[in-house]
Amino acid sequence: MTLRLFNTLSGQLDELVPMDGKALRMYACGPTVYDYGHIGNFRTFLAIDVLRRFLKLTGTEVRHVMNITDVDDRIIQNAAAAGIPIGEYTARFEQAFLEDLEALKVQHPEQLVHATGHIPQMVELVQKLAAAGAAYQTEDGSWYFRLASFPEYGKLSKKDLSGMEDGARVDLDRYEKDSARDFALWKAAKPGETFWDTPIGRGRPGWHIECSAMAMEYLGESFDLHAGGEDLIFPHHENEIAQSESVTHKPFARHWMHVRFLLVDGRKMSKSEGNFYTLRDLLLKGYKASAIRLALISVPYRHQLNFTFDGLIEATNAVERLRTFHQRLVSGSFAEGSDPALQAAAKTAQTDYLAALSNDLNTAEARAPIFDLIRAANTSIDQGQLFAADRDAILAVLASFDAVFDVIADRDAEPTRRALEWAAQSGRLDDVAPELLARQSLTDEAIDALVAERTLAKKQRNFARADQIRNELAEKGVVLEDSKDSVRWKRK
RNA sequence: GCACCGGUGGCGAAGCGGCUAACGCGCAGGUCUGCAAAACCUGUAUACGCGGGUUCAAUUCCCGCCCGGUGCUCCA
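Predicted model, so just to flag it, every value in this text is computed and none were measured.

K.L.:
Looking at this structure, how should I read the overall build of chain A?
P.N.:
Per the secondary structure count, chain A includes 16 helices and 17 strands. Residues counted as buried form 51% of the 492 residues belonging to chain A. The contacts of chain A with a sequence gap of at least 6 include a subset with a gap of at least 24, amounting to 76%. A total accessible area of about 22900 Å² is found for chain A, and carbon and sulfur atoms account for 50% of it. If you average the places of the 59 positive and of the 72 negative side-chain charges in chain A, the two averages end up 4 Å apart.

Below, the structure written as structure tokens:
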């Protein structure tokens, strides 16, 4: 099963296979750790997670490097405003970012690397560019990339810059650049700013150079895939190509994957629109991490995803349905044997599921055969026509679904608990939904006691009291499920 | 302004030259229940933005229009 993935560079679906025949080497642009991650960030990281999980599911080894940008203008500004060293500032947000990834079950890349840990590599790259005539230093000590030296510039973003000549007529002295479009490789230190003392001067790296340096350090001069959000196509990735290929004269990354921005309530998410949500915001509103994960991956990564609270509720219900069905299979008892129709249905579901994902990671299409199978299996169970071998076959399909989607396995309590803890520590308890607090207000033991009391009341046919308890629990988000001889409860 | 993407039933969302146009959510009825809830089943909706064109055939291709969104060196 070979993945056909859209390649921004070629403008078409290309097969994604390791060029060395062994492991797929990929680089994904990680976050700039200057604030808490928002759901737009996480859509991108989730899409990349779906990619790497699919590769692994279908037998491709993955070597995935992700960077953490831990020095840039915003970080310098914010750290200064907070009056702490930038290292302390970034460590806090990196930690938060990693916790959020874990909450969403985003798998860790094989390597996580930091910009500030690779200054020598960046300096060396700038020196090589200078030697090749592709970089120059301005009077203030900054280094720039000379776009004119790289005729292929624009090949990724399909921009034709030839008609956009500048410099000739405009006074660009304040930039001290040869051309207004030349971009910074190295920024000379301004008074009071963090700087590194290096052979190319005192300063700090430009944004683009870190990815070129680190990608080549760990993946080689040419590698299989480079991924990130769609906003990175230009200028970030275009600049990475220019910097890297000017030195190596080899294709930097063969395949480029870009994840579309999401919308919130039909608008671009922005703080000023009031539709800006971090993961923590949503957890504190009482939404489950698994529902957020499913909502964010169910729309194929190249399509615009319109994030809404209705959509989150829908995802919550869908997760519930998947889990209920899974539980039904695991806890039920089934006679030995198998039903040919169900065996065939399981096989079809598995095939269609993988086929959908292999077609540019069409997650929406991939869900359909799974739900088809659930319906067929439920019908069979109701008719007593599902047997042990069928259960095993269907569980195997669910396992392969969860190898990518990973929402059936329930690890929702921990992220919510941690978010509440964080809210308490950072004085944000006001942001917590009252229902969520209510839900946390009852211990398991207290619930068990109330459930026992209700069972007794029912036995005595005191239905008024029984219903009163049921309502009380419902208010605190505890749902009761009566069965013939027992009561199960779960927190909503 | 230039460029790109999209407009499919109540909502979300696949499909994209010819199959009953997936799937999820919602909704209705049924089974179950002291009654509910949950779960399951069944059903549900006369859905392909508008106007032309190409074709034996168009939701699917082409042109125009309307609407929404995004990008054009802050941004996942």
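K.L.:
How should the protein's contact with RNA strand B be read in this particular structure?
P.N.:
The full set close to RNA strand B counts 49 residues, and Gly-229, Arg-267, Lys-268, Gln-304 and Asp-382 are the nearest of them. Here RNA strand B approaches the protein such that, of its atoms within 4 Å, sugar and phosphate make up 64%. Separating a sugar or linking oxygen of RNA strand B from a side-chain N or O atom of Asp-231 is a distance of 3.4 Å. Leu-480 is positioned with one of its backbone polar atoms (N or O) 3.4 Å from a base nitrogen of RNA strand B. For the surface near RNA strand B, the secondary structure elements donating two or more residues are helix H1 (39-57), strand S11 (223-229), strand S13 (262-264), strand S14 (267-268), helix H9 (309-331), helix H11 (363-382), helix H16 (463-475) and strand S16 (478-482). With 10 residues, the single largest contributor to the surface near RNA strand B is H11. For the surface near RNA strand B, a count of residues per class yields 14 nonpolar, 14 polar and 21 charged.

K.L.:
Would you explain the packing of H1 against helix H8 (residues 289-297) in this entry?
P.N.:
Between two packed helices, what matters for the description is the angle formed by their axes and the separation of those axes. Following both chains from N to C, one finds H1 and H8 inclined at 80 degrees, their axes separated by 9 Å at the closest point. The angle between the axes of H1 and H8 places the two elements in the roughly perpendicular class. Of H8, the residues touching H1 (which contributes Ile-39, Phe-42, Arg-43, Leu-46, Asp-49, Val-50 and Arg-53) are Arg-293, Leu-296 and Ile-297. For the contact of H1 with H8, the residue count by class is six nonpolar, no polar and four charged.

K.L.:
How do you make sense of the nonpolar core when you look at a structure like this?
P.N.:
As a rule of thumb, soluble globular proteins bury nonpolar side chains together. One finds Leu-5, Ile-39, Leu-51, Met-257, Ile-292, Tyr-353 and Leu-361 to be the most contacted residues of the largest nonpolar core, which totals 100 residues. Among the elements that make up this core, the one with the highest residue count is H1 (10 residues). Non-local contacts of Leu-361, meaning those with residues more than four positions away in its chain, are made with Leu-3, Leu-5, Val-50, Leu-51, Phe-54, Met-257, Pro-300, Tyr-301 and Ala-356. In terms of nonpolar packing, the next biggest core, distinct from the first, is built from 38 residues, Leu-129, Trp-143, Trp-186 and Phe-252 among them.

K.L.:
Where do I start with the sheet that holds strand S12 (residues 253-259) in this structure?
P.N.:
Adjacent strands of a sheet pair through backbone hydrogen bonds, lying either parallel or antiparallel. Strand order in this open sheet of five strands is S5-S4-S3-S11-S12, and the pairing throughout is parallel. The open sheet is flanked by strand S5 (111-114) and S12, the only strands paired with a single partner. When the angles between neighbouring strand axes are averaged without regard to direction, this sheet yields 25 degrees. Where strand S3 (residues 23-28) meets strand S4 (residues 61-68), six bridges bridge the pair, whose relative direction is parallel. Looking at the pairing, Ala-23 lines up with Glu-61 of S4.

K.L.:
What is the right way to read the pairing of strand S17 (residues 487-491) from this model?
P.N.:
The side chains of a regular strand alternate, residue by residue, between the two faces of the sheet. Bridging between S16 and S17 involves five bridges; their strand directions are antiparallel. Counted as the bridge partner of Glu-481 is Arg-488 from S17. Between S16 and S17, which pair antiparallel in sequence order, lie four residues.

K.L.:
What is the right way to read the layout of surface pockets from this model?
P.N.:
Unfilled space is identified by rolling a water-sized probe across the atoms. Looking at the largest pocket, its volume works out to about 1300 Å³. If you go around the largest pocket, you meet 39 residues; those closest to its centre are Lys-288, Glu-320, Lys-490, Arg-491 and Lys-492. Per-element tally for the lining of the largest pocket: the top contributor is H9, with 10 residues. A class-by-class count of the residues in the lining of the largest pocket yields 11 nonpolar, 11 polar and 17 charged. Mapping the lining of the largest pocket onto the domain boundaries places at least three of its residues in each of domain 2 (267-404) and domain 3 (413-491). Roughly 1000 Å³ of internal volume is contained in the second largest pocket. Lining the second largest pocket are 41 residues, with Tyr-34, His-38, Asn-41, Arg-74 and Asp-231 positioned closest to its centre.

K.L.:
Any chance you could explain the sheet that holds strand S8 (residues 184-188) here in plain terms?
P.N.:
One open sheet accounts for five strands, arranged S6-S7-S8-S10-S9; its pairing is antiparallel. Lying at the two open borders of the sheet, with one neighbouring strand each, are strand S6 (135-137) and strand S9 (196-198). With direction set aside, neighbouring strand axes in the sheet form an average angle of 40 degrees.

K.L.:
Looking at this structure, how should I read the pattern of salt bridges?
P.N.:
Proximity of charged atoms lets side chains of opposite charge pair with each other. In the structure shown here, the tally under the stated rule is 35 salt bridges. Residue Asp-49 pairs with Arg-293 through a salt bridge whose shortest N-O separation is 3.0 Å. With Asp-49 in helix H1 and Arg-293 in helix H8, the pair connects residues that are 244 residues apart, well separated along the chain. Judged by relative accessible area, which is 1%, Asp-49 ranks as buried.

K.L.:
I keep staring at the domain arrangement of chain A and nothing clicks. Help me out?
P.N.:
By convention, interface size is frequently given as the accessible area that disappears when the constituent parts associate. On domain assignment, one finds that chain A holds domain 1 (3-259), domain 2 (267-404) and domain 3 (413-491). The centre of domain 2, based on its C-alpha atoms, is set 26 Å off from the matching centre of domain 3. Interface area lost by domain 2 to domain 3 is led by Arg-280, Leu-283 and Leu-284, which between them contribute 62%. Inspection of the domain 2/domain 3 interface yields one salt bridge.

K.L.:
Honestly, the confidence of the model for chain A in this entry has me stumped. Any pointers?
P.N.:
Regions with low pLDDT carry predicted coordinates that are not meant to be interpreted in detail. On average, residues of chain A carry a pLDDT of 91, and 97% of them reach 70 or more. The lowest-confidence element of chain A is S14, averaging 82 in pLDDT; the highest-confidence one is helix H12 (residues 388-404), averaging 97. Across residues 163-175, where pLDDT falls below 50, the model places nine contacts with residues more than four positions away in sequence or in other chains.

K.L.:
Mind showing me how you'd approach unusual backbone geometry here?
P.N.:
What you tend to see is this: most non-glycine residues have negative phi, and most peptide bonds are trans. Of note, the amide linkage connecting Phe-234 to Pro-235 takes the cis form, showing an omega dihedral of 0 degrees. Tracing the backbone shows Pro-235 in helix H6 (residues 233-248). Phi at Asp-406 is positive, roughly 50 degrees, even though this residue is not glycine. Checked against the element boundaries, Asp-406 lands in the loop between H12 and helix H13 (413-425). A positive phi angle, close to 60 degrees, is found at Arg-461, a residue other than glycine. For Arg-461, the location among the structural elements is in the loop between helix H15 (444-459) and H16.

Each value, and the rule that gives it
Residues numbered from 1 in each chain as written. Chains lettered and ligands numbered in written order. Predicted model: local features only at pLDDT ≥ 70, side-chain atom pairs only at ≥ 80, totals over all residues. Heavy atoms only, no water. Helix = DSSP H or I, 4+ residues; strand = E, 2+ residues; numbered from the N terminus. Buried < 20%, exposed > 50% of the residue type's maximum accessible area, 1.4 Å probe, protein only. Contact = heavy atoms within 4.5 Å. Areas by Shrake-Rupley, 256 points an atom, 1.4 Å probe, with all protein chains shown as cover. Lys, Arg positive; Asp, Glu negative; His and termini not counted. Charge placed at Lys NZ, Arg CZ, Asp CG, Glu CD. Near = heavy atom within 4 Å. Polar contact = N/O pair within 3.5 Å; in protein donor to acceptor, adjacent residues only side chain to side chain. Nonpolar A, V, L, I, M, F, W, Y, C, P; charged D, E, K, R; others polar. Axes fitted to C-alpha atoms, helices over the stretch in contact; angles between N-to-C directions. Parallel < 35°, antiparallel > 145°, perpendicular 65-115°, else oblique. Core = buried A, V, L, I, M, F, W, Y, C linked by side-chain atoms within 4.5 Å. Pairing = 2+ DSSP bridges. 1 Å grid on protein atoms, 1.4 Å probe; cavity = no way out; pocket = protein on both sides within 12 Å on 5 of 7 lines; lining within 4 Å. Points joined across faces, edges and corners; volume = space filled by probe spheres on them. Domains from an automatic or database assignment. Salt bridge = Lys/Arg side-chain N within 4 Å of Asp/Glu carboxyl O. Buried area = accessible area lost by both parts, 1.4 Å probe. pLDDT = per-residue confidence, 0-100.

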